[in-house]
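# Coordinates in review
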Amino acid sequence: MSRHLLLLTAAIAVIGANSLALSPIAAAVAGAFPGRSAADVMTATALYGLATAGSALLLASMSDRIGAEHALGRALLLLAVSLGFAALSPALWVLIAAQALAGLAAGVALPAIYTLTAQVAAKGRESETLSFVLVGWTLSLVVGVGLAALLADLLHWRAVFSVLALAAAGLALGISRCRDWGTRAGGEEPSSCLKALRIPGIHAVLLNVAAYMTAFYGLYTYLGPHLGEVLQLPATFAGLAIAVYGLGFGVAAPLGRLVDRYGATAAACVTFAGLMLMYLGMAVSAALPLALLTLCLGWGVGNHLGLNLLMRQLAELDPMQRGAVMGLYSAITYLCVFAGALLYRPIFTHFGFAACAWASAMLVLPALGWALGQWRRKQAALE
C-alpha cells in the first residue's frame, strides 16, 4: 500500500486511541486531581463526543473548499496542541476543555480522511482501499488502548497524551509533505452539510447509518455490564471479548477486494443478512460466554464490511460535496454513541442483554431492505 494510505490509517489510529484511551486510565487521572472521581474524568469523553459531532456537522465541509489534505493537516495540528494541553493540564476542567478541543479537530479530520481515501483509491479497488484505512480503528482499539494503560502504569497518565500529541504532530508533518492526493472534486460554490442533505438518495443512506450505528453502540455499551454484572465473569473476559471483536474487525480488511470483485450490491445483501444473524445469535447465546466470545469475532467482521459498504455508498453520491457528506456521516456516528447508550439502557435494565441483541438485529433490517432493493433494481436493469 502507498504512503498515503499508511498516513491515513495512522491518523485514524491516533484519533481513535485518544477517544478510547481515557476509560482505562480514568482512575489514575482522577488521582491527580484531589476530590475528583473516575466518573468526573469521563465527562471529558462525553464532551469530546459532542464536540466531534458538532464539528463534523458544521466544519467538515472545509475539505470541499480548501482540499481534504489541507483540512486534515490543520486538524491534526489542532489535535496535537489540544493533546499537549491535556498532558499538561493542572486541573480537571483544563483536561475536559482540551478534550473538547480535540473533538473539534477530530470532527474535521475524520471526514477529511474518508474523503482522501476515496480520492486516492484506484478504480475498481475502492472497497479494498477503504478496508485498509479502517484497520486504523482496530489499531486504536487493540493496540492503542493497551499501550495507553501500559504507559500510565509504567510512566504516568500524562505520558499517554504526550505520546499521542507527538504522533499527531508527526502525522500533520507527514501529510503536508506528501503530494499527489488524487483529483479533488470540489466545486466553486461553498459546500455545507445542509446543502449536502439535498443530494438525491442521501436520506435513505443516512437513515441506514443512524440505525446501524445505534445497533452497534447500543449493544457494545452493555456487553461489558452483561458479562461482568449478569454473568459474573472477570473484567479480563470482557476485555478479551472486545479484543476478539477488534480482531474480527481487523481480519476483515482483505475481504474488501471481494466487494470490488463481486459488486457492492451483492456484498451488501450478504453482509447485512449475516450481521442480523450474528445479532440474533448473540440474543440466543446471551447466557453462554464462550458462544458470545465466538460471535464477537463474526460481529467484528460483519461490522467492518457493513461500515465499508455504507461509507462507500455515501462517498459515491456526490464527489463534489464528499467532505460535507462524510461530515454528516461522522456527526451521526458520534450522536449514535449517546443515542445507543440512552435507548438501550431501559431495554437492558428490564429485559436483559438478549433483548438488546434482538433490538440490534431489527435495527439492521432497514439496511438489509435497502440493499435488497438496490439488488432488485440492478437485476431489473440487466433484464
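To be clear, the structure that these remarks concern was listed above.
Residues numbered from 1 in each chain as written. Predicted model: local features only at pLDDT ≥ 70, side-chain atom pairs only at ≥ 80, totals over all residues. Heavy atoms only, no water.

### Some thoughts on the overall build of the chain
Scanning the chain for helices and strands turns up 16 helices and 0 strands. If you line up the chain on its principal axes, its C-alpha atoms span 70 × 50 × 35 Å. For the chain, buried positions account for 53% of its 383 residues. Of all intrachain contacts in the chain linking residues separated by at least 6 positions in sequence, the fraction that spans at least 24 positions is 84%. If you average the places of the 20 positive and of the 14 negative side-chain charges in the chain, the two averages end up 2 Å apart. (Helix = DSSP H or I, 4+ residues; strand = E, 2+ residues; numbered from the N terminus. Buried < 20%, exposed > 50% of the residue type's maximum accessible area, 1.4 Å probe, protein only. Contact = heavy atoms within 4.5 Å. Lys, Arg positive; Asp, Glu negative; His and termini not counted. Charge placed at Lys NZ, Arg CZ, Asp CG, Glu CD.)

### Considerations on helix H15 (residues 322-351)
In this model, H15 (30 residues) spans 41 Å end to end at C-alpha, consistent with the 44 Å of a helix rising 1.5 Å per residue. The largest bend in H15 amounts to roughly 35° and is located at Tyr344, with the proline Pro346 lying one to four residues further along. Just downstream of H15 lies Gly352, where phi reads positive at about 95°. (Expected span 1.5 Å × (residues − 1). Bend = angle between axes of the 7 residues up to and from the residue.)

### Section: the layout of surface pockets
Its volume calculated, the largest pocket comes out at about 1600 Å³. The biggest single contributor to the lining of the largest pocket is helix H10 (residues 202-230), with 9 residues. (1 Å grid on protein atoms, 1.4 Å probe; cavity = no way out; pocket = protein on both sides within 12 Å on 5 of 7 lines; lining within 4 Å. Points joined across faces, edges and corners; volume = space filled by probe spheres on them.)

### What about the packing of helix H14 (residues 289-317) against H15?
H15 packs onto H14 with a crossing angle of 145° between their chain directions and a minimal axis gap of 9 Å. Of the two possible hands of crossing, H14 and H15 adopt the one that is right-handed. Two secondary-structure elements touch here, H14 through Leu307, Met311, Leu314 and Ala315 and H15 through Arg322, Val325, Met326 and Tyr329. Of the residues that constitute the contact of H14 with H15, the class distribution is 7 nonpolar, no polar and 1 charged. (Axes fitted to C-alpha atoms, helices over the stretch in contact; angles between N-to-C directions. Left-handed = near helix turned anticlockwise from the far one by under 90°. Nonpolar A, V, L, I, M, F, W, Y, C, P; charged D, E, K, R; others polar.)

### A word on the packing of aromatic side chains
Within a pair of aromatic rings, the relevant descriptors are the distance that separates the centres and the angle that separates the planes. For the structure on display, the rule yields 14 aromatic pairs. Summarising the aromatic geometry, the rings of Tyr279 and Trp299 are spaced 6.0 Å apart at their centres and angled 70° between planes, so their arrangement reads as edge-to-face. Residue Tyr279 is located in helix H13 (residues 264-284), and its partner Trp299 is located in helix H14; the two are separated by 20 residues in the primary sequence. Residue Tyr279 shares its accessibility class with Trp299, and that shared class is buried. Aromatic rings pair up to connect Phe216, Tyr217, Tyr220, Tyr245, Phe249, Tyr279 and Trp299 into one cluster. (Phe/Tyr/Trp six-rings, centres within 6.5 Å; stacked < 30°, edge-to-face > 60°.)

### Description of unusual backbone geometry
Even without glycine at this site, Gln232 takes up a positive phi of about 60°. By secondary structure assignment, the location of Gln232 is in the loop between H10 and helix H11 (235-251).

### Digging into the nonpolar core
In terms of nonpolar packing, the biggest core is built from 124 residues, with Ile113, Phe272, Tyr279, Met282 and Trp299 touching the most fellow members. Not counting residues up to four positions away in its chain, the partners in contact with Tyr279 are Ala215, Phe216, Leu219, Trp299, Ala357, Ser360, Ala361 and Val364. (Core = buried A, V, L, I, M, F, W, Y, C linked by side-chain atoms within 4.5 Å.)

### What about the environment of Tyr329?
Summarising the element assignment, Tyr329 is placed in helix H15. Look at Tyr329 and you get buried, because its relative accessible area is 4%. Separated by 15 residues in sequence, Tyr329 and Leu314 place their C-alpha atoms 8.2 Å apart. What Tyr329 contacts, discounting residues up to four positions off in sequence, is Tyr114, Val209, Met213, Leu307, Met311 and Leu314.

### Details of the packing of helix H6 (residues 92-120) against H15
Any two packed helices are characterised by the angle at which their axes cross and by the distance between the axes. With their axes 8 Å apart at the nearest point, H6 and H15 run at an angle of 130° to one another. Looking at the two axes, H6 sits oblique to H15. Considering the relative orientation of H6 and H15, their crossing is right-handed. Two secondary-structure elements touch here, H6 through Leu110, Pro111, Tyr114, Thr115, Ala118 and Gln119 and H15 through Arg322, Gly323, Met326, Gly327, Tyr329, Ser330 and Tyr334. The residue makeup of the contact of H6 with H15, split by class, is 7 nonpolar, 5 polar and 1 charged. (Parallel < 35°, antiparallel > 145°, perpendicular 65-115°, else oblique.)

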